[in-house]
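Remarks on the overall topology
Take a look at the letters that make up each chain.
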Amino acid sequence: MSDDTLFDKILRKEIPAEVVYEDDHVLAFNDINPQAPVHVLVVPKARFRNVTELKDGDAETVGHFMIGVSHVAAELGLSERGFRVVFNTGPDALQTVEYIHAHILGGRGMEWPPG
Ligand code: AMP
């Protein structure tokens, strides 16, 4: 399958990952190259290449995805101090895996603007 990315394989459990949370809608696992003390990737089980593929009819699916992000942050103990959620989308944003994913970054103070 031409669209078979690394995250498709992690979702199918063909490639191991350090899973921190899973429910019917999302899988969350530690980023292999962490950029903060906590750096987790949240991947919806419904497949999209990135944010540009989301359509009006996907509202319920995307809602479950974002609620999953909130659950993961709570599980990681980040809800009170806060955290950053990043969706790298396309070449200017240096998206490297063509399967939509949210980066949750936390455990330290962040800077703005980002690089
Ligand atoms: P992006 O650049 O937004 O597409 O993010 C892809 C992320 O996947 C990067 O932060 C990588 O460090 C991360 N990554 C690549 N391979 C793996 C892996 N096998 N397990 C966990 N995270 C990975």
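Right above here is the structure, for reference.
Quick summary incoming for the structure in this document.

How each quantity is defined
- Residues numbered from 1 in each chain as written.
- Predicted model: local features only at pLDDT ≥ 70, side-chain atom pairs only at ≥ 80, totals over all residues.
- Heavy atoms only, no water.
- 1 Å grid on protein atoms, 1.4 Å probe; cavity = no way out; pocket = protein on both sides within 12 Å on 5 of 7 lines; lining within 4 Å.
- Points joined across faces, edges and corners; volume = space filled by probe spheres on them.
- Helix = DSSP H or I, 4+ residues; strand = E, 2+ residues; numbered from the N terminus.
- Nonpolar A, V, L, I, M, F, W, Y, C, P; charged D, E, K, R; others polar.
- Near = heavy atom within 4 Å.
- Polar contact = N/O pair within 3.5 Å; in protein donor to acceptor, adjacent residues only side chain to side chain.
- Areas by Shrake-Rupley, 256 points an atom, 1.4 Å probe, with all protein chains shown as cover.
- Buried < 20%, exposed > 50% of the residue type's maximum accessible area, 1.4 Å probe, protein only.
- Contact = heavy atoms within 4.5 Å.

As for the layout of surface pockets
Reported here for the largest pocket is a volume of approximately 990 Å³. Lining the largest pocket are 33 residues, with Asp31, Gln35, His39, Asn88 and His103 sitting closest to its centre. Among the elements of the structure, α1 (6–11), β2 (26–30), β3 (38–44), β4 (83–86) and β5 (102–106) are those that each provide at least two residues to the lining of the largest pocket. The element contributing the most residues to the lining of the largest pocket is α1, with 3 residues. Residue composition of the lining of the largest pocket, grouped by class: 17 nonpolar, 10 polar and 6 charged.

Considerations on the site of the ligand
Neighbouring residues of the ligand: 15 residues in total, closest Asp31, Asn88, Thr96, His101 and His103. Between the ligand and the protein, one listed contact pairs an oxygen atom with a backbone N or O atom of Val97 at 3.0 Å. Contact with the protein chains removes 82% of the 500 Å² of surface that the ligand exposes when unbound. Broken down by secondary-structure element, the contributors of at least two residues to the shell around the ligand are α1 and β2. A per-class count over the shell around the ligand returns 7 nonpolar, 7 polar and 1 charged.

A closer look at the side chain of Thr5
Mapped onto the secondary structure, Thr5 falls in the segment before α1. Looking at Thr5, the relative accessible area reads 11%, which means it is buried. Apart from the residues within four sequence positions on either side, Thr5 is in contact with Arg47, Val97, Glu98 and Tyr99.

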